[in-house]
Each structure stands twice: as C-alpha cells, then as structure tokens.
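Tertiary structure, described
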Amino acid sequence: MRETLTVYSDAAWSYHVGRHFQDVRHGYQWWNVRASDHTYWLAWVHGGQPIGLLHGLDMVIVAKADHLVGQHGDGPWKLEMANLNLVADYFARLPAA
C-alpha cells in the first residue's frame with residue numbers, strides 16, 4: 001500500500017475539474033490532489049465514483065454514483081466532475097489538522 005500511495009508523476013493532470021481540485025499528481029492507480037489546506041489520495045472509476053483518503057484526519061470518503069457504462073462525452077464527464085468536486089470541496093472545507 002505504501003508504494004501505491006507514493007507520488008511518481010508530478011503535474012499529471014492539467015484539465016480543470018474545480019477550484020479545490022488542484023496540484024494533481026499520480027501514484028499507482030491513485031491520484032494525489034490538493035484541496036485548500038489538505039492533500040488527499042483519490043481513486044475513481046468511470047462515472048466519478050471517488051474514494052478519497054485524507055491521512056491527516058484519518059478520514060475516508062466514498063461517493064457512489066451512476067457508473068455511466070457505455071456513456072462518453074461532455075454530459076457524463078460533467079456528472080463525473082461534479083462527483084470529484086463533491087469530495088474535493090468537502091475536504092477543502094475541513095479545518096487544518
């Protein structure tokens with residue numbers, strides 16, 4: 001698990017997802033994202049079903065959503081971004097550890 005939660009690629013994501021989805025880096029199948037004062041690990045599948053790990057507060061967030069099987073394009077991507085932002089916005093509003 002330690003190896004999967006190690007950053008291997010900086011600046012791995014340049015697409016704008018939301019104001020609290022920043023400085024995205026990548027490990028082994030996990031994304032490392034900054035949300036205001038917090039940096040968390042994120043796994044997600046098609047449809048934006050995120051799992052967020054915030055080590056500083058011993059917190060895990062899982063958001064279940066429509067997996068959008070076979071759907072592609074702008075409409076499903078907007079739903080996926082909304083789910084990713086849900087987690088990022090929540091973490092950003094937490095007090096610093």
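Refer to the structure above for everything that follows.
In this text, all values refer to a predicted model and were calculated from it rather than measured experimentally.

Brief notes about the sheet that holds strand β1 (residues 22-26)
- Strand order across the open sheet formed by 5 strands is β1-β2-β3-β4-β5, with antiparallel pairing between neighbours. Two strands lie at the open edges of the sheet, namely β1 and β5 (59-62), each paired on one side alone. Strand after strand, the sheet turns through a mean of 25° between neighbouring axes, direction not considered.
- Against the sheet, helix α1 (residues 74-92) touches β2 (31-35), β3 (38-45), β4 (49-54) and β5, its axis set at about 155° to β3.

Side note on the packing of aromatic side chains
- With the rule as written, the count across this model stands at 5 aromatic pairs.
- Between Phe-21 and Trp-44 the ring centres are 6.4 Å apart and the planes differ by 70°, which places this aromatic pair in the edge-to-face class. Linking Phe-21 in the segment before β1 with Trp-44 in strand β3, this pair joins segments that are 23 residues apart in sequence.
- Taking 5.6 Å as the distance between ring centres and 25° as the angle between the ring planes, the aromatic pair formed by Trp-31 and Trp-44 counts as stacked. Of this pair, Trp-31 sits in strand β2 while Trp-44 sits in strand β3, and the two are 13 residues apart along the sequence.
- Members of the aromatic cluster, joined through ring pairs, are Phe-21, Trp-31 and Trp-44.

A few points about a nonpolar patch on the surface
- Taken together, the side chains of Ile-51, Val-60 and Val-62 present a nonpolar region at the surface, about 260 Å² in accessible area.
- Using a relative accessible area of 32% as the deciding quantity, one classes Ile-51 as partly exposed.

Describing the pattern of salt bridges
- Summed over all chains, the structure comprises 2 salt bridges.
- A salt bridge links Arg-34 to Asp-23; the shortest N-O distance between them is 2.5 Å. On the criterion of sequence distance, the pair formed by Arg-34 in strand β2 and Asp-23 in strand β1 is long-range, its members being 11 residues apart.

Structural notes on the side chain of Gln-49
- Take Gln-49: it is sitting in strand β4.
- Relative accessible area serves as the criterion here: at 14%, Gln-49 is assigned to the buried category.
- At a separation of 3.1 Å, a polar atom in the side chain of Gln-49 contacts the side chain of Lys-64.
- Excluding residues that lie within four positions of it along the chain, Gln-49 makes contacts with Ala-43, Trp-44, Ala-63, Lys-64, Ala-65 and His-67.

Let's talk about the pairing of β1
- Relative to β2, β1 is paired through 3 bridges, and the arrangement is antiparallel. Its bridge partner lying in β2, His-26 is registered against Trp-31.
- The hairpin formed by β1 and β2 contains 4 residues between the paired strands, and Gln-29 there has a positive phi angle of roughly 65°.

Some thoughts on the nonpolar core
- Phe-21, Val-33, Tyr-40, Leu-42, Leu-84 and Phe-91 are the most contacted members of the largest nonpolar core, which has 19 residues in total.
- Among the elements of the structure, β2, β3 and α1 are those that each provide at least two residues to this core.
- Apart from residues lying up to four places away in sequence, Phe-91 is in contact with Ala-35, His-38, Tyr-40, Gly-52, Leu-54, Met-59 and Ile-61.
- Grouped together as the second largest cluster of nonpolar side chains are 5 residues, Leu-5, Trp-30, Trp-41 and Leu-53 included.

Cut-off values and rules
- Residues numbered from 1 in each chain as written.
- Predicted model: local features only at pLDDT ≥ 70, side-chain atom pairs only at ≥ 80, totals over all residues.
- Heavy atoms only, no water.
- Pairing = 2+ DSSP bridges.
- Helix = DSSP H or I, 4+ residues; strand = E, 2+ residues; numbered from the N terminus.
- Axes fitted to C-alpha atoms, helices over the stretch in contact; angles between N-to-C directions.
- Contact = heavy atoms within 4.5 Å.
- Phe/Tyr/Trp six-rings, centres within 6.5 Å; stacked < 30°, edge-to-face > 60°.
- Patch = residues over 30% accessible without salt bridge, like charges linked within 9 Å, V, L, I, M, F, W, Y side chains within 5 Å.
- Areas by Shrake-Rupley, 256 points an atom, 1.4 Å probe, with all protein chains shown as cover.
- Salt bridge = Lys/Arg side-chain N within 4 Å of Asp/Glu carboxyl O.
- Buried < 20%, exposed > 50% of the residue type's maximum accessible area, 1.4 Å probe, protein only.
- Polar contact = N/O pair within 3.5 Å; in protein donor to acceptor, adjacent residues only side chain to side chain.
- Core = buried A, V, L, I, M, F, W, Y, C linked by side-chain atoms within 4.5 Å.

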